Amino acid sequence: MPKIFVTRQILAKGLDYLRQASFELDVWAGPAFPTQSELVAHARQADGILCMLDDKIDASFLEQNQHLKVISNYAVGYNNIDVPMATALGIPVGNTPDVLTEATADIAFALLLAVARKIVDSNHDIRAGRWHDWHPTGYLGMDLKGKTLGIMGMGRIGMAMAKRCFGAYDMEIIYTANTAKPAAEQAFGARQVDFATLLHHSDIVSVHSSLSPQTTGLFDRAAFAQMKNTAIFINTARGAIHQEADLAEAIQQGRIWGAGLDVTNPEPMSPTSALLALPNVVVTPHIGSATTWTRNEMSLIAAQNIVRAFRREPLVGFVNPQVYE
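If you're wondering where the values come from, they're calculated on a predicted model, not measured in any experiment. (Residues numbered from 1 in each chain as written. Predicted model: local features only at pLDDT ≥ 70, side-chain atom pairs only at ≥ 80, totals over all residues. Heavy atoms only, no water.)

1. Side note on the overall build of the protein
How we decide: Working definition: helices are DSSP H or I runs of at least four residues, strands are E runs of at least two. Numbering for both runs from the N terminus. As a reference, a globule follows 2.2 Å times the number of residues to the power 0.38, and the radius of gyration itself is taken over C-alpha atoms. Only protein chains enter the accessibility calculation, which uses a 1.4 Å probe; a residue whose area is less than 20% of its type maximum is buried, one above 50% is exposed, and one in between is partly exposed. Contacts are assigned to residue pairs with any non-hydrogen atoms lying within 4.5 Å of each other. Computed by Shrake-Rupley with a 1.4 Å probe, the accessible areas treat only the displayed protein chains as cover when residues are assessed. A positive count includes Lys and Arg, and a negative count includes Asp and Glu. His and the chain ends are not counted in either. We put the charge of a Lys on NZ, of an Arg on CZ, of an Asp on CG and of a Glu on CD.
On a plain count of helices and strands, the protein comes out with 12 helices and 12 strands. Over its C-alpha atoms the protein spans a radius of gyration of 21 Å, differing by no more than 12% from the 20 Å that the globule rule assigns to 325 residues. With the C-alpha coordinates of the protein rotated into their principal frame, the extents come out at 70 × 50 × 35 Å. Across the 325 residues of the protein, 52% fall into the buried class. Across the protein, every contact between residues at least 6 apart in sequence was considered, and the portion connecting residues at least 24 apart equals 61%. In the form shown here, the protein has an accessible surface area of approximately 15,100 Å², with 53% of it arising from carbon and sulfur atoms. Counting 26 positive and 31 negative side-chain charges, the protein places the centres of these two groups 3 Å from one another.

2. Here we look at the packing of helix α1 (residues 12–20) against helix α12 (residues 292–310)
Packed helix pairs are characterised by how far apart their axes lie and by the angle those axes make with each other. For clarity, the threshold we go by: In this analysis, axes come from line fits to C-alpha atoms, helices being fitted only over the stretch in contact, and the angle between any two N-to-C directions falls in the range 0 to 180 degrees. Here the angle decides the label: under 35 degrees means roughly parallel, over 145 means roughly antiparallel, 65 to 115 means roughly perpendicular, and every other value means oblique. Put simply, a crossing is left-handed when the front helix is turned counterclockwise from the back one by less than a right angle, and right-handed when it is turned clockwise.
One can describe the packing of α1 onto α12 by two numbers: an axis separation of 6 Å at closest approach and a directional angle of 25°. Taken as axis vectors, α1 and α12 run roughly parallel relative to one another. By crossing handedness, the relation of α1 to α12 is classed as right-handed. Only Asn296, Glu297, Ser299, Leu300, Ala303, Gln304, Ile306 and Val307 of α12 make contact with α1, whose side of the interface consists of Ala12, Lys13, Gly14, Tyr17 and Leu18.

3. Examining the pairing of strand β4 (residues 70–73)
To keep things clear, this is the line we draw: For two strands to be treated as a pair, DSSP must find no fewer than two bridges joining them. We call a crossover right-handed when, viewed with both strands directed away from the observer, the connection leading from the first strand over the helix to the second proceeds clockwise.
Because side chains alternate across β4, one face comprises the buried residues Val70 and Ser72, and the other comprises Ile71 and Asn73, equally buried. Pairing analysis gives four bridges linking strand β3 (residues 48–51) to β4, with the strands arranged parallel. The residue of β4 that forms the bridge with Cys51 is Asn73. Note that the unit made of β3, helix α3 (residues 59–64) and β4 has a crossover that is right-handed. When β4 meets strand β5 (residues 93–94), the two strands line up parallel, connected through two bridges. Bridge pairing links Ile71 to Val93 in β5. For the crossover from β4 across helix α4 (residues 83–88) to β5, the handedness is right-handed.

4. Side note on the layout of surface pockets
What counts here: We place a 1 Å grid over just the protein atoms. Points where a 1.4 Å probe fits but has no way out form a cavity, open points with protein on both sides within 12 Å along at least 5 of 7 lines form a pocket, and any residue with an atom within 4 Å of a point lines it. Grid points are joined across faces, edges and corners, and a volume is the space filled by probe spheres set on the points. Here the term charged refers only to Asp, Glu, Lys and Arg, the term nonpolar to Ala, Val, Leu, Ile, Met, Phe, Trp, Tyr, Cys and Pro, and the term polar to all other amino acids, Gly among them.
Taken as a whole, the second largest pocket holds about 220 Å³ of empty space. Along the walls of the second largest pocket sit Val120, Asp121, His124, Leu275, Leu276, Ala277, Leu278, Pro279, Val281, Val282 and Val283, which together make up its complete lining. Residue assignment for the lining of the second largest pocket shows that the elements contributing at least two residues are α6 (119–127) and β12 (281–283). Residue classes in the lining of the second largest pocket are distributed as nine nonpolar, one polar and one charged.

5. As for the pattern of salt bridges
Two side chains of opposite charge can pair, provided their charged atoms sit close to one another. Using the following cut-off: Whenever a carboxyl oxygen of Asp or Glu lies within 4 Å of a side-chain nitrogen of Lys or Arg, that contact is scored as a salt bridge.
For the structure shown, the criterion picks out 14 salt bridges. Close ionic contact of Arg19 with Asp16 constitutes a salt bridge, the shortest N to O distance being 3.8 Å. Of this pair, Arg19 and Asp16 both sit in helix α1, three residues apart, which is roughly one turn of that helix. Take Asp16: its relative accessible area is 35%, and that puts it in the partly exposed class.

6. Some remarks on helix α2 (residues 36–44)
The line we're drawing: Here the arc refers to the set of directions running from the helix axis out to each C-beta atom.
Among all positions of α2, only Leu39, Val40 and Ala43 are buried. Take α2 and look down its axis: the buried residues cluster within an arc of 95°, on one side only. Turning to α2, the residues buried within the fold contact β1 (3–6), β3 and α3.

7. Observations regarding the sheet that holds strand β9 (residues 204–207)
Spatially, seven strands are ordered β8-β7-β6-β9-β10-β11-β12 in an open sheet, and the strand pairing comes out parallel. If you trace the sheet from one side to the other, it starts and ends with β8 (191–192) and β12, each paired once. Relative to strand β10 (residues 232–235), β9 runs parallel, the two being bridged by four bridges. When the bridges of β10 are listed, Val207 appears paired with Asn235. On top of the sheet, helix α11 (residues 244–252) reaches β10, β11 (258–261) and β12; it is set at about 145° to β11, its chief contact.

8. Some remarks on the sheet that holds β5
Pairing is parallel across the open sheet formed by five strands, whose spatial order is β2-β1-β3-β4-β5. In this open sheet, the two strands that pair with only one neighbour each are β2 (24–27) and β5. Sitting on the sheet, α2 touches β1, β2 and β3, and the angle it makes with β1 is about 165°. In the packing of α12 onto the sheet, the strands contacted are β1, β3, β4 and β5, and the crossing angle to β4 comes to about 165°.

9. Observations regarding the pairing of strand β7 (residues 172–176)
The buried count for β7 comes to four of five residues, which makes it a mostly enclosed element. Sheet analysis places strand β6 (residues 148–152) next to β7, joined by five bridges and oriented parallel. Residue pairing for β7: Met152 is matched across the bridge by Thr176. Taking the sense of rotation as the criterion, the β-α-β connection linking β6, helix α7 (residues 156–169) and β7 turns out right-handed. Sheet analysis places β7 next to β8, joined by two bridges and oriented parallel. Residue pairing for β8: Ile174 is matched across the bridge by Arg191. Note that the unit made of β7, helix α8 (residues 182–188) and β8 has a crossover that is right-handed.

Take it as geometry only, folks, not as evidence of what the structure does.
In structure tokens, the structure reads:
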């Protein structure tokens with residue numbers, strides 16, 4: 001039986017699918033993530049790997065595991081994988097697109113509400129016994145009706161976030177993207193703008209783009225300085241897109257109003273991060289896809305990618321389809 005190394009314990013739907021397809025599974029059972037040497041060693045004993053976004057499938061890993069028949073990433077992103085090298089070695093790479101769209105958009109929307117209405121900060125005060133009475137100037141937040149939402153990356157998740165904000169709060173939608181998005185323009189009256197315009201005019205900037213050399217560190221001191229001092233920054237895409245120290249400084253100095261983050265750099269976030277001491281910041285531990293249905297479907301697609309690769313069939317989420325050529 002082909003052997004698959006699964007680098008974390010995932011929900012049963014995908015594992016059951018692989019077992020029913022007669023695959024032998026080596027599921028990592030350690031309390032901590034596998035180290036790079038452990039990752040390499042287990043992969044050497046496997047025919048394929050089902051890995052996570054924080055598993056480093058780089059050139060060194062691939063040089064030592066050229067025998068792999070498939071790499072299936074349990075994520076929509078795949079910046080942890082050296083895709084060009086995998087392709088050169090003839091290894092199909094799969095991901096899990098589409099199924100986490102709604103769950104991730106929910107988290108972005110929830111972070112926006114939590115920051116705008118100081119939900120987490122006020123809840124902390126109640127738990128700490130600091131809420132003594134109702135006060136007319138206590139916990140004043142921000143109205144969202146009619147605000148301008150700037151979407152960076154109008155893909156599926158960006159569209160879902162725009163739909164929520166447009167439908168619930170009649171927000172004006174502007175966006176940056178590599179190409180125009182007629183569906184967003186028709187559905188929400190969205191306008192494509194350049195990055196500087198997005199920063200200047202948005203009341204909320206919500207990041208939904210992939211991590212690339214162009215987006216890494218894009219939201220830095222200079223970018224935050226161009227935003228409104230009443231603006232809220234939301235990032236549910238990749239932590240490396242914003243520079244943490246610059247974001248903390250911008251909020252501390254009142255250059256922007258607050259931030260909601262489901263992604264940080266590094267992950268896990270340092271408990272001593274300056275951001276965590278700020279009342280207008282809400283951080284969640286990368287839970288954008290964390291619903292039972294979504295994680296089950298991700299596990300199933302990741303498993304289907306493996307089975308299809310061994311059959312030399314197109315993967316459900318196929319990062320490098322040219323590998324079959």
